[in-house]
Structure formats: C-alpha cells, structure tokens
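Chains, contacts and geometry: an overview
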Amino acid sequence: MSAPDDPEVTLLPSGKQFVSHAHSSVLESGLSAGIALPYRCSNGSCGECRARVVNGEVEQIRFHDYTVTAAEKNAGVLLLCSHRALTPLEIEVSEATVAEDIPQQQLNTRICHTETLGNTLVVRLKILRGKALWYLAGQYARITVPGCTPQLLPVATCPCEAGYLECHLSTTQSDLCNAIMSLKKRERIVVEGPQGSFTVDDATLHGFHHVFITTDEHFAAVKPMIEHIIATEVEPRCTLLWVASNHYKNNLCRSWADAFDWFTYQALANTKAVSSELSTLHKGSPSPLKVYVSAATEARNQLEQQLLSCGINDCVIDTTEHQVSRPNNR
Ligand code: FES
C-alpha cells in the first residue's frame, strides 16, 4: 500500500512509472509493481541493478560490497537494491521487456517447503546466498535434483517474489517427486534459466480482454502471469479457464476472482468445455480477446483448433518443451 507522499519513479527511456515505498529499495518497489528491473542478488553484491539517476534524490539504505567508482557516482550511477527514493526520481535503466533481454543464470537452491495437494506436489525453493533469478512471468527454469534427469519446468512464482521459486509437479512424475522427497536437508537443487518466451507483453495490457487457458500443472506457467498483471495495477479484463481433474490452487483462483472485479475464473473438467466459454467471451466481450494457452501437447492442439473455429487469432501459445504433462486422457 502506498502512502500519499511516497515518491514516484519514472524509468527512462520506457517512461514506465511506479511508486517507491518509504521503507523499500527502489528495486523492491519496482519489482512489486511488476517491472522487470535488472537484478541478480538484491543485496548489493552483483552490480546487476546499476542505474543512473537523472533527476531526484536518493538515500543509501544498505551497505554494498559492489564498488561503484567515483566517476560513476559523479555521473549519478547507483545500485537500485541499496537505495530508496527521497523525492520523485527519473532513472535511466535497462529493463527487460522480452525474454531475449535476460541472460542465462545458474543458482543453487534448497527446498524450504513441500505440499501435496491431491496428485500435485508443490515445491518451494529458497535461492541460496541472497541471490535471485531474473526472469519474466511465464518463463521456465531447468531444475537439477541429485540422482534425477534435469527437468524444464515453469517457474510458478511471480518475479516480484525475489529469492524464492515454486514448482508444481504431477505425482505421476514419480522419479522426480521421489528424488525431491528423499533429499537430505542440506542437499542442493541447481536451477538454470530462464527459458521460453511465453510471457505477457505489458504494452498490450490496455485495450484487450486477456484470456488464460491452461491444463493441470501447466497452471504453474499462467499463475505468475496473472500475479504480474495484478502487480502492475493496470486492471485489464482477464479470464482464467483451468481444465483439470485436480484444481489444486482453486482457492487462490477464487480469491483473485473475489478480490478483483476485472478477473473471472472457471474451473473446467475437460477441454471441450472451453469451446462454449470461448465463444461466449468472443461474442460478449467489449474488447478484443488476447488468448494465452499453456497445456499438454494433445490438449494444446485441441485448444488451438477451438480458437481457430471461434475466429480468435490473437494467441500466445506456450511451446516451451517441458515435462509437467500428465498422460492426456481428456
Ligand atoms: S547489486 Fe545485485 S541486485 Fe543490486
């Protein structure tokens, strides 16, 4: 929640704006506003969040190991993770707007929580040494668990949750689930990424009705996209159609629908049920539809056919090769 006198930050050259909260670094405020600012540690050691203040005043709020030279300081260069805004700011910074803007990273993590929800295992990982993964909502990471083949999985956390990653696994992936459940307390899981280009283009948030269609644990790819849209506070009309036998995050989806009048949610039992929802939306929505699909291969093919027959062609299809799929029996 922003206070009335929290200063506004304007990013150059994009012109994006967000409110910088009094007790947060500029980086934290930007990430929680859904802005893909560059960073890799959030604790002043990597230098990735360097930016140049063009106008305004800041205050250093934490010591940082990374050295900003005297010449850079004179030019207004600082670390966004280590400063807060005292006045409205204009900052020159390289934001990520497309997947290609983000370099590959490798991080060590440790499991901090697991939860079995029906036949889905939700795994929460803590990134070690105060680091963070820089990625866009909807992207994937390769997870290497000792004794198991590396798996490419959607990162189910919003990028605004620096320092933590969540994965959703079908318990039919028994090798991986067993390997995770039998890990010793201090054993590490290596995470590499990000990968894939199934992301939300912020420039299209206004003016479209965004429809997310997903199946089973592919929900992990669309969850952060919806959380990202919530963080931007743009409030475009959004609909989530989730096809599954186990809507393991049903309460979360319902809580979004209860909290935001621009968001609607349908829990569906099979892909055939998507068709009538789509044609109702297509005919009834005052804005053109932009549809995002993340689903198992067979379901994805069926959904693409349905989109074609409804005459909907503005679609973002998740084609990242990953292993969350259950055998498709719908
Ligand atoms: S120094 Fe690493 S994110 Fe700021």
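Residues numbered from 1 in each chain as written. Predicted model: local features only at pLDDT ≥ 70, side-chain atom pairs only at ≥ 80, totals over all residues. Heavy atoms only, no water.

Observations regarding unusual backbone geometry
The general pattern is negative phi for most residues beyond glycine and trans for most peptide bonds. That bond from L12 to P13 is cis: its omega, 10°, falls within 30 degrees of zero. Backbone geometry places D216, a non-glycine residue, at a positive phi of 45°. Its location among the elements puts D216 in the loop between strand 14 (209–215) and helix 4 (219–232). For D216, a relative accessible area of 8% puts it in the buried group. For E233, which is not glycine, the phi dihedral falls at a positive 60°. Positionally, E233 belongs in the loop between helix 4 and strand 15 (238–243). A relative accessible area of 65% means that E233 is categorised as exposed. (Helix = DSSP H or I, 4+ residues; strand = E, 2+ residues; numbered from the N terminus. Buried < 20%, exposed > 50% of the residue type's maximum accessible area, 1.4 Å probe, protein only.)

Quick notes on the layout of surface pockets
The probe, sized like a water molecule, is rolled over the atoms to show the empty space still left. Of the pockets and cavities examined, the largest pocket occupies roughly 480 Å³. Taken together, 20 residues line the largest pocket, and the ones lying closest to its centre are Q17, A33, A231, T232 and E233. Put simply, the parts of the chain that give the lining of the largest pocket at least two residues each are strand 2 (17–19), helix 1 (26–32) and helix 4. Lining the lining of the largest pocket are residues from two domains, each supplying at least three of them: domain 1 (8–92) and domain 3 (202–317). Lining the second largest pocket are 18 residues, with A36, A96, L136, D202 and H228 sitting closest to its centre. Along the lines of polarity and charge, the residues of the lining of the second largest pocket split into 12 nonpolar, 3 polar and 3 charged. (1 Å grid on protein atoms, 1.4 Å probe; cavity = no way out; pocket = protein on both sides within 12 Å on 5 of 7 lines; lining within 4 Å. Points joined across faces, edges and corners; volume = space filled by probe spheres on them. Domains from an automatic or database assignment. Nonpolar A, V, L, I, M, F, W, Y, C, P; charged D, E, K, R; others polar.)

Structural notes on the sheet that holds strand 7 (residues 89–92)
Spatially, 2-1-7-3-5 is the arrangement adopted by the 5 strands of the open sheet, whose pairing is mixed. Since the sheet does not close on itself, it has two edges, and those belong to strand 2 and strand 5 (77–79), each with one partner. Across this sheet, the average inter-strand angle for adjacent strands is 40°, counted without regard to direction. Summarising the sheet, strand 3 (residues 50–55) and strand 5 pair through 3 bridges and their orientation is antiparallel. In the sheet register, A51 faces strand 5, and the bridge partner there is L78. (Pairing = 2+ DSSP bridges. Axes fitted to C-alpha atoms, helices over the stretch in contact; angles between N-to-C directions.)

Some remarks on the domain arrangement of the protein
In terms of domains, the protein is made up of domain 1 (8–92), domain 2 (100–195) and domain 3 (202–317). Taking the mean C-alpha position of each, domain 2 and domain 3 sit 24 Å from one another. Each partner contributes residues to the interface: domain 2 has 17 residues there, and domain 3 has 13 residues. Approximately 1200 Å² of surface area, both sides summed, lies buried where domain 2 meets domain 3, with 59% of it carried by carbon and sulfur atoms. In terms of surface lost to domain 3, no three residues of domain 2 exceed A137, C158 and H168, which account for 33% of the buried area on that side. Along the contact surface separating domain 2 from domain 3 lie 0 salt bridges. (Contact = heavy atoms within 4.5 Å. Buried area = accessible area lost by both parts, 1.4 Å probe. Salt bridge = Lys/Arg side-chain N within 4 Å of Asp/Glu carboxyl O.)

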